[in-house]
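Coordinate inspection notes
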Amino acid sequence: MKKSNRTKSAVKRLILALVFLTMTIIVLSACGNGANQSGQSGKLKITTTTGMIADAVKQVGGEYVEVTGLMGAGIDPHLYKASQGDVKKLDRADIIFYNGLHLEGKMGEIFERLEKSKPVVAISSKLEESQLQSGSAATGGATHDPHIWFNVKLWMTSVEVIRDTLVEKDSANAEHYKANAAAYLVELQKLDVYAKEQIAIIPEKNRILVTAHDAFGYFGKAYGMTVTGLQGMNTMSEYGSKDVSKLRDYLVENEIKAVFIESSVSPKSIESVIEGAKKLGHNVTIGGQLYSDAMGDEGTPDGTYIGMVKHNIDTIVKSLM
Ligand SMILES: [Zn+2]
């Protein structure tokens, strides 16, 4: 009797174990059905915040990494909050790269939690104090301007941070990462020269860049343009009618021909400035759309970092000549 009871409970335990195993398999395969999961592929899984960072990681990592960028075209990183899906993508990653300098102002807590279990790397971490520009009065607390990608030279140090992190985490493929980074850095060096040459074509008195928020401080300093924004650096800061009339007067006084709207900021604010200038008898046109905090659509030339910077340069030159 006792023996058969023991057998019964052993069978019960076995059945329970089998049920549990089956359920585990079902759950695991349900999680894994979307993309080719790296478990099998052996690729490093990397999650980034902005598209610019995702592009740089793809360039350096090549076929050895699987990159997920959280913020697509037209997304404003200053206001971005991680969704449940994003948290999963961050949890699943082997490495996380983000911009830092408080660009991703609402994601600090998540990064803090995740850095206990994996590398969470700010790609701005190699920059020295002297290379950084300070935040404007309107930044609402940020000490430094986070928009470092618009000085191509500074962005090159970010590519080096990515390279060094990949080399350290996956030393077996170190030579590939080094070679890819070297080739990409040559392209970025060319882009930096292109920017300098093109902006220099614009007559000096016309080298004034007016946009809806101060994303172009580094760009202006690196390539020789005066930059004025309506809203302050951070899209969270409010602008008032005072700012609108101040900028309107500036446009009239400096005979500025064109202002620019941005892909990740509502064009409303800049339009009210243009209206105001018109009432004073000065015609300003919208010079076109610049990419500021996000790249263009994936799969288009503007959906890469180099394409985005070139688009901006060409748009600016065409409108201010
Ligand atoms: Zn911004």
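A brief report on the enclosed structure follows. (Residues numbered from 1 in each chain as written. Predicted model: local features only at pLDDT ≥ 70, side-chain atom pairs only at ≥ 80, totals over all residues. Heavy atoms only, no water.)

1. Focus on the overall build of the chain
- Secondary structure summary: the chain contains 11 helices and eight strands in total.
- A buried classification covers 48% of the 321 residues belonging to the chain.
- Taking as baseline every contact in the chain between residues at least 6 positions apart, the subset at least 24 positions apart corresponds to 70%.
- When the accessible area of the chain is evaluated, it comes to approximately 16500 Å², of which 54% is carbon and sulfur surface. (Helix = DSSP H or I, 4+ residues; strand = E, 2+ residues; numbered from the N terminus. Buried < 20%, exposed > 50% of the residue type's maximum accessible area, 1.4 Å probe, protein only. Contact = heavy atoms within 4.5 Å. Areas by Shrake-Rupley, 256 points an atom, 1.4 Å probe, with all protein chains shown as cover.)

2. Quick word on unusual backbone geometry
- Phi at L101 takes a positive value of approximately 55°, unusual for a residue other than glycine.
- Here L101 lies in the loop between β3 (95–98) and α5 (108–114).

3. A short note on the packing of aromatic side chains
- Going through the model one piece at a time under the given rule, you end up with seven aromatic pairs.
- Between F216 and F219, the ring centres sit 6.2 Å apart and the planes meet at 85°, which makes this aromatic pair edge-to-face.
- Accessibility expressed as a relative area gives 1% for F216, which makes it buried.
- The exposure class of F219 is buried, given its relative accessible area of 2%.
- Aromatic ring contacts, followed pair by pair, group W149, F150, F216, F219 and Y223 into a single cluster.
- Note that K310 overlies the ring of Y194, its terminal NZ or CZ placed 5.4 Å from the centroid. (Phe/Tyr/Trp six-rings, centres within 6.5 Å; stacked < 30°, edge-to-face > 60°. Lys NZ or Arg CZ within 6 Å of the ring centre and 35° of its normal.)

Nothing here speaks to function; it is all geometry.
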